[in-house]
Every structure is written in structure tokens, then in C-alpha cells.
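For reference, the chains in residue letters:
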Amino acid sequence: MTSLAIKHNAINLSQGFPDFPVSPQLIKLVNSEMKKGNNQYAPMPGILSLRESISKKVEALHQSFYHPEKEITITAGGTQAIFTAIATIIRPNDEAIIFEPAYDCYAPTVKLFGGLVKSFEMQAPFYEIDWDIVKRLVTVNTKLIIINSPHNPSGQILNKEDIDQLIMITKNTDIAIISDEIYEHVIFDNEDHLSLSRYPVLKERTFVIASFGKLFHTTGWKVGYCLAPEYLMNEFRKIHQFQVFSVNTPIQIAFNEYINQSDSYQHLASFFQKKRDLFRSLLKQTRFTLLDCRGSYFQNVSFEKITDEKDLDFALRMVKDYKVAAVPNSSFYSRQSEGNTLRFCFAKKEETLEKAAGFLLKI
Ligand SMILES: Cc1ncc(COP(=O)(O)O)c(C=O)c1O
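What counts, and where the lines are drawn
Residues numbered from 1 in each chain as written. Predicted model: local features only at pLDDT ≥ 70, side-chain atom pairs only at ≥ 80, totals over all residues. Axes fitted to C-alpha atoms, helices over the stretch in contact; angles between N-to-C directions. Helix = DSSP H or I, 4+ residues; strand = E, 2+ residues; numbered from the N terminus. Parallel < 35°, antiparallel > 145°, perpendicular 65-115°, else oblique. Left-handed = near helix turned anticlockwise from the far one by under 90°. Contact = placed C-beta atoms within 7 Å. Nonpolar A, V, L, I, M, F, W, Y, C, P; charged D, E, K, R; others polar. Expected span 1.5 Å × (residues − 1). Buried ≥ 20, exposed ≤ 12 C-beta atoms within 10 Å, placed from the backbone. Arc of directions from axis to C-beta. Near = placed C-beta within 6 Å. Pairing = 2+ DSSP bridges.

Draft legend 1. Layout of the packing of helix α2 (residues 24–36) against helix α11 (residues 249–259). Interaxial distance between α2 and α11 falls to 8 Å at its minimum, and their mutual angle equals 135 degrees. As far as their axial angle goes, α11 and α2 are oblique. Considering only the axes of α2 and α11, their crossing is right-handed. Residues Leu26, Leu29, Val30, Glu33 and Met34 of α2 lie in contact with α11, whose contacting residues are Pro250, Ile251, Ile253, Ala254, Glu257 and Tyr258. In terms of residue class, the contact of α2 with α11 is made up of nine nonpolar, no polar and two charged.

Have a look at this one:
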């Protein structure tokens, strides 16, 4: 959709990246580290001071301690952390449970390592999980469950009841969990982000994945990290070492300085909530039906009142004729599906959202 948006000179609300600038102060910090000569390899698990800062941040937010030397690794973005965690766990014929619609790298990576994907399909408008059905997907071969909250693409979040179910399902098993918490700070209406790091019985089997791309609006810098108990992190690093060895040095040092400044990320929820509220109020004037958005920077809409076209066909027509690009949600399912919802990214400047809504009003 991004290349189509460029081709048709359309506003790109498809891919999940901000169109507003990165903090000039952060850019200055990276620049100054480069000028100081911090341009050579970082240690394999990442710059220690940054891992220490992450450990303090997680402890302050979730009252959960991860040892900076043994349980935290800096990665080349969240996607690499997810890839490495899957590679750590999945062997041929192992089964992984994923929840669809899903971020696109989960299933292909499981398959790459010979694993079998068992999907539970969440459905619009609420994308709830029926844990009784999930329970029935678990077999002796189940080695991994991948969850994602706040969730891309649905904008939903997991509740305490979901966490309790996850605890029950994994109890007395050797199932590992990947908890994709990339949007941990993009959560609205004073809801609490229930990181799996908070629950000792889950923490002991979980890789928590985070991304500085979403934290500091720097998706193009591709830096993230993984938290995991030592026995899992040891295995994770055996792969990470030969996959990327280490992540770029000046940015890690700059992130460490920046993350310790007050309000470097604390304002994120209200910052994005303003954008969500603006975008929702603009969309209310269109013929789209708004779905809930409790977290992440994605607003889902149903177009049932507009057309009975397939979502892909409608999205293609929209980018060409109405100059706005969105993602058809069927693309987040592995099975061919024919839903009538689209995903818009609202991590954009106010004027971008206003201009896009102006075009969408014409539909
Ligand atoms: C749910 C989810 N997980 C992981 C990622 C990847 O993060 P990164 O850009 O740091 O690789 C994204 C990026 O959009 C995402 O939406």
C-alpha cells in the first residue's frame, strides 16, 4: 500500500510509522556520539548502560527486575527480537499458537524453522479471544504462544482475564511465550499496560519484545530489545551473536541518555490519544463505522455502509480514486477472508489527518 500511495500521490495512512519529526535533541545526541568517535562495534548484548536503564525502567513500571547483564539484549528492532526468539524455541514439527489478525512476521518465521502454525482467529468488531477454543489448540507439540498487546492491527488490549487464562493454559507445560509489547506506551483512556513481566509464572517462560522505533518515533533506526529469564536469554544470544552480532553504537548511547530524561516517553499515551481523538472525531463525519481503539496507533473502521466490495478491492479503489491509503485487514489473516474492515495509522501530523479525512468525506 505504501508504494501504491506513492504511485497515486495519496496520503499514506497504511504503514505504521510517524510522519512528524524525531526530537531534535535526540538527533543531536546521536550526532554528538558519532563526532566523539563512538562508531565501532558495541558489545554483543548491547551497551551495558542502556541495558541498565531499561532494567530500571521496567522495574519502575512493572515492579519486575531483569538483570541488565544476563536478561536484556539490544536488538536490531522488534522484528529481529521476535525472529531470534522464535528461532530459539521452534524446531521442526513444533507447534506455535498465534492470534490473527497478526503482525506479519510471526507465522512465516515459525514456518521457516519447520514449525506448524495453529491460529485462533479474532473477529471484528471486538477481536476477543475465546480461550476455550485456544485451549483446544494446545497439544503435546505446542512449544510457543505469541501474544501482542496493545494489538496491531485491531487496537485492542489484553485484559486481566486474558492473562489469567494464559496462566492456566501454560501451567505445568514447557510452552514459551513471546509477548510483543511494542506499543506498550501507546495505550488510552488511562488503561494500564499489563506487561507479562508483571506475572512471575508467565515471566519465567516469556520473551518480552520492545522497540525504540515506537518509543521515540524512530522506526527507521531499527533498534529494539528483548527481556527474558537467563536460561532463555542464554539461548537467544547464541543465535543473536551470529545473526547480527551487535546493534549500532552511537544510537544506543544516545538512547541511554535520552531515555533517562524526564518526559522522553511518559507523555506518549496522551500525545497519541489526542491524535486518536482528533482522527475519530473527523471520521465520525464520514460513512465509515468506527471500531474501538484502546491502544496502538491504528484506527479500524468498517465500510459495511459504503460498499460490499472485498476489503482489498475497496482499499485499492480508495488509494486510486480518493487518495488515501489504508490496509485491508484480510491481509493480517493467513486464511483467505472477506472482512469489511480497514486499518488506518493515525501516527501522523494533525494536518495529514485532517487532509485525509477531507478526502474520506467524499466517499
Ligand atoms: C506488533 C508489531 N510488532 C513488531 C513490530 C516491529 O517493530 P520494529 O520496527 O522495531 O522491528 C511492529 C512494527 O510495526 C509491530 O506493529
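Read on, since the account is not over.
Draft legend 2. Broad picture of helix α12 (residues 268–283). If you check α12, its first and last C-alpha atoms are 22 Å apart, about what 16 residues at 1.5 Å a residue would give, namely 22 Å. Those residues of α12 that fall on the buried side of the exposure criterion are Leu268, Phe272, Lys275, Arg276, Phe279 and Leu283. All buried residues of α12 project into a common sector of 100 degrees when viewed along the axis, lining one side. Facing away from the buried side of α12 by more than 90 degrees, the exposed set consists of Ser270, Lys274 and Ser281. In this structure, the buried residues of α12 make contact with β9 (289–290), β10 (298–302) and α14 (350–360).

Draft legend 3. Structural view of unusual backbone geometry. Between glutamate 100 and proline 101 the backbone carries a cis peptide bond, its omega angle lying at 5 degrees. By secondary structure assignment, the location of proline 101 is in the loop between β3 (95–100) and α5 (106–112). With an omega of 15 degrees, the peptide bond running from asparagine 152 to proline 153 counts as cis. Positionally, proline 153 belongs in the loop between β5 (142–148) and α7 (160–170). Unlike most non-glycine residues, glutamine 63 shows phi in positive territory, near 50 degrees.

Draft legend 4. Highlighting the site of the ligand. Neighbouring the ligand are 13 residues; Gly77, Gly78, Thr79, Asn152 and Ser211 lie closest to it. Here the element with the most residues in the shell around the ligand is helix α4 (residues 77–89); it accounts for three residues.

Draft legend 5. Local environment of the sheet that holds strand β7 (residues 206–211). Pairing in this open sheet of seven strands is mixed, and the strands run β2-β8-β7-β6-β5-β3-β4 from one edge to the other. Two strands close off the open sheet at either side, each with one partner strand: β2 (72–75) and β4 (116–121). The average undirected angle you get between the axes of adjacent strands in this sheet is 20 degrees. Note: strand β6 (residues 176–180) against β7, four bridges, orientation parallel. Paired with aspartate 180 across the bridge in β7 is isoleucine 209. Against the sheet, α4 contacts β2, β5, β6, β7 and β8 (224–227), and its axis sits at roughly 165 degrees relative to β7. Across the sheet, helix α10 (residues 230–243) touches β2, β6, β7 and β8, and the angle it forms with β2 is around 25 degrees.

Draft legend 6. Geometry of the pairing of strand β13 (residues 341–345). Of all five residues in β13, five are buried, a share of seventy percent or more. In β13, alternate side chains face the same way, and those of Thr341, Arg343 and Cys345 on one face and Leu342 and Phe344 on the other are all buried. Pairing of β10 with β13 involves five bridges; the strand directions are antiparallel. Bridge pairing in β13 links glutamine 299 to phenylalanine 344.

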